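This is what each chain is made of:
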Amino acid sequence: MATVTLRINGANRSLEVDGDTPLLWALRDHLKLTGTKFGCGEAYCGACTVFVDGNPVRSCSLPVSQVGNGAITTIEGISGPEAAAVQQAWIARDVPQCGYCQSGQIMSAIALLKAIRKPTDRGIDLAMGGNLCRCATYVRIRAAIHDAARALGG
Amino acid sequence: MLRVPSVADMTLVRLLLSVFGLSACLVAAAFGQSPPSDAVARSVALFREAGKVLQHPRCLNCHPVGDRPTQNDTMRPHISRVVRGADGHGPPGLPCSACHHAANYDAAHVPGHTDWHLAPASMAWAGKSLGAICVQIKDPARNGGRDMAALLRHVSEDSLVGWAWSPGAGRTSAPGTQAEFGAVMRAWAESGAHCPPE
Amino acid sequence: MVDGIYNQSYRLPNFLVETIDTPLPVPVYFMRSVGSTAAVFFWESFISDLANRAGIDQYTYRRNMLSHDPLALRVLDVVAAAAHWTTPPAPGHARGISYNCYVGRGGRFKTYVAQVVELAPDGDRLVLKRVFCAVDPGLVINPNTLTAQIEGGIGFALTTALHSRITFANGVVEQSNFDSYPLLAIDEMPEIVPLILPSDRPPQGFGEVVLAPVAPAIAQALLQATGRRIDVMPLPADAFRR
Ligand code: FES
Ligand code: FES
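Residues numbered from 1 in each chain as written. Chains lettered and ligands numbered in written order. Predicted model: local features only at pLDDT ≥ 70, side-chain atom pairs only at ≥ 80, totals over all residues. Heavy atoms only, no water.

(A) The overall build of chain A, seen in detail. A tally of helices and strands in chain A yields five helices and five strands. For chain A, the sequential pattern of α-helices and β-strands runs β-β-α-β-β-β-α-α-α-α. Its C-alpha atoms give chain A a radius of gyration of 15 Å, near enough to 15 Å, the size a compact globule of 154 residues would have. By principal-axis analysis of the C-alpha atoms, chain A measures approximately 45 × 30 × 25 Å. Counting over 154 residues, chain A shows a buried share of 58%. (Helix = DSSP H or I, 4+ residues; strand = E, 2+ residues; numbered from the N terminus. Rg over C-alpha atoms; globule rule 2.2 N^0.38 Å. Buried < 20%, exposed > 50% of the residue type's maximum accessible area, 1.4 Å probe, protein only.)

Printed below as a string of structure tokens:
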């Protein structure tokens, strides 16, 4: 056990954890930031996606010891034009069904729109290929990303 | 034909290398075979030895033919469904670094390295014959623009190549060590860098 | 086990369903669509076989056996028209049509479903391009939710049809995570064309009804395209090789 300080959603948060603890557990169990979901624990599903220094990261496959000074953003802390556009598009399209995968879907969609202003269907498939949805909301995910890109002027 | 020792026993490789350093005749004595007919056979044998590494799943998985890497010793398609992207670091929005961090993380069974990425498409090896890989690996147009010296440095010093010998729990390591692999490749280069038939 | 078969709606003058209880060494329980995903795959594939034996077009064959049921004919006709069934598919492409009347809650609801799946060539493989899905679920109160159920239900069915294989070794399940038990991914999701028919009937059930016809329609299309008849789920990956 060690005291680890993480920069999460703009604030410093200290917690007592083993350095080998997945960031996901630190977020969910220690800091009660439960918007980030556990789906597989082995980087297969994307449900646990957060940003570290703005880059999408599977928090299940990142031990807290490797986070360092990285600034973590969880679904609770997203902001900026891409986040707003994605949230609006998700609401307008009624994307979620059970909702379990959707935090990760939204994080990946934001990451995609930061990387490409106007993704094609293929670009969406490639970027979102690591985010599984058991409810298969994929049709609407694709449509909502196109909507968000349009709203961003892409 | 020269008999090649099993790469599973790298001490034999070391023996082979040191013996080559002395005399080809001693090799024949060591392995009880007729002497190698020429330097070409010896060179080819060395490359076959290196091939045990080059064609190991630890290497082939990230030298895929096509856009999607493979995984595990079974070399099944990579899950998640990531592709190489423009620079081998994954497509926009799903970089390799989303899952692969600075070091192996056994708790999540995810391997890691600070520069985790795929070999360029021009360096695709999976499914190819060793002879084809050999011709390819010497061709600067298909080996990342490397001359032989740079190629030898790459295989013996590059730390992502070196990951193949410390791949984390649950993955078989490439045979031998990176230093031994580098030595075999060097001996092959010095013997004329001849290739097995394609 | 025989959901969707014992209560199937084709007009068959001589029809008998018998079942035998087989004790299974593993516990089984409901999944989405209950028994119909497995049973209707075999049942609709059997109907496809009969049509092929008779040398009659799959749509026409089903139509002939449903002529007593105008609601069944309606979903079939609507889906066939939307998919331009009577126009042959482009070279290298293939289609399958399937039908099911989902009788749920012990006969308390009846939802009619007909689907056309389109396979298109992609390199050396056939991939799922588009699924037309006509439904008559009675009065629709929230078409948005219903459309979501059509899209998601077909996607869920595709996971079952293409991926969900469980195997046992030494008494334990061999699959442990999404690497060995994959879910449908976004690039595998076809375009969905929902066709929701107006109805005066009271609202019927819907959450599970679109799943069952998916696999048999794909199998029918694969048979047409490759000559290989598939009678297992998940459909083997190599069945999609051209
Ligand atoms: S929980 Fe991290 S990728 Fe599935
Ligand atoms: S909305 Fe249910 S898993 Fe994606």
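Additional details are given in the paragraphs that follow.
(B) Spotlight on the interface of chain A and chain C. Contacts between the two partners involve 20 residues from chain A and, on the opposite side, 21 residues from chain C. Of all residues in chain A, R134(A), Y138(A) and R140(A) give up the largest surface area on contact with chain C, accounting jointly for 35% of the area buried on that side. For the pair chain A and chain C, the interface holds one salt bridge. Between E151(C) and R140(A) there is a salt bridge, with its nearest N and O atoms 2.9 Å apart. Here the side of chain A that touches chain C takes five residues from helix α5 (residues 138-151) of chain A, the largest share from any one element. (Contact = heavy atoms within 4.5 Å. Buried area = accessible area lost by both parts, 1.4 Å probe. Salt bridge = Lys/Arg side-chain N within 4 Å of Asp/Glu carboxyl O.)

(C) Local environment of the sheet that holds strand β1 (residues 2-8) of chain A. Residue and element names in this part refer to chain A. Spatial ordering of the open sheet is given by β2-β1-β5-β3-β4, a layout of five strands whose pairing is mixed. In this open sheet, the two strands that pair with only one neighbour each are β2 (11-17) and β4 (55-58). Each adjacent strand pair in this sheet contributes to an overall mean axis angle of 45°, direction not counted. Pairing geometry for strand β3 (residues 49-52) and strand β5 (residues 71-73), over two bridges, is antiparallel. Residue pairing in the sheet places F51 in a bridge with T73 of β5. Packing against the sheet, helix α1 (residues 23-30) makes contact with β1, β2, β3 and β5, and its axis sits at approximately 100° to β2. Where helix α3 (residues 102-115) meets the sheet, it contacts β3, β4 and β5, and its direction lies at approximately 40° from that of β3. (Pairing = 2+ DSSP bridges. Axes fitted to C-alpha atoms, helices over the stretch in contact; angles between N-to-C directions.)

(D) Quick peek at the confidence of the model for chain C. In the predicted model, chain C carries a mean pLDDT of 95, and 100% of its residues have values of at least 70. Two numbers describe this predicted complex: its pTM, 0.91, and its ipTM, 0.95. (pLDDT = per-residue confidence, 0-100.)

(E) A nonpolar patch on the surface, seen in detail. A surface patch of nonpolar side chains, amounting to about 260 Å² of accessible area, comprises I166(C), F168(C) and V173(C). For V173(C), the location among the structural elements is in strand β5 (residues 172-173). (Patch = residues over 30% accessible without salt bridge, like charges linked within 9 Å, V, L, I, M, F, W, Y side chains within 5 Å. Areas by Shrake-Rupley, 256 points an atom, 1.4 Å probe, with all protein chains shown as cover.)

(F) Structural context of α5(A). The terminal C-alpha atoms of α5(A) lie 20 Å apart, and with 14 residues this matches the ideal 20 Å at 1.5 Å per residue to within 8%. With 10 of 14 residues buried, α5(A) lies mostly within the body of the structure. Taken together, the buried positions of α5(A) are Y138(A), R140(A), I141(A), R142(A), A143(A), A144(A), I145(A), D147(A), A148(A) and A149(A). Taken together, the buried residues of α5(A) touch α2 (81-93), α3 and α4 (121-128) of chain A together with α4 (143-162) of chain C. Where α5(A) ends, the next residue or the one after it, G153(A), has phi of about 80°, a positive value. (Expected span 1.5 Å × (residues − 1).)

(G) Representation of the state of the cysteines within the structure. Residue and element names in this part refer to chain B. Summed over the entire model, instances satisfying the criterion amount to one disulfide over all chains. Two residues share a disulfide in this structure: C134 and C195, whose sulfurs sit 2.0 Å from each other. With the S-S dihedral at roughly -80°, the linkage between C134 and C195 falls on the left-handed side. Separated by 61 residues along the polypeptide, C134 in helix α5 (residues 130-138) and C195 in the segment after α8 (178-190) bring together distant segments of the chain. With a relative accessible area of 0%, C134 lands in the buried category. What makes C195 partly exposed here is its relative accessible area of 22%. (Disulfide = S-S within 2.5 Å.)

(H) Quick look at the side chain of T160(C). Residue and element names in this part refer to chain C. Summarising the element assignment, T160 is placed in helix α4. For T160, a relative accessible area of 12% puts it in the buried group. Ignoring anything within four residues of it in the chain, the contact list for T160 reads M31, T37 and P234.

(I) Just the environment of T145(C), in detail. Here T145(C) shows up in helix α4. Separated by 67 residues in sequence, T145(C) and A212(C) place their C-alpha atoms 19 Å apart.

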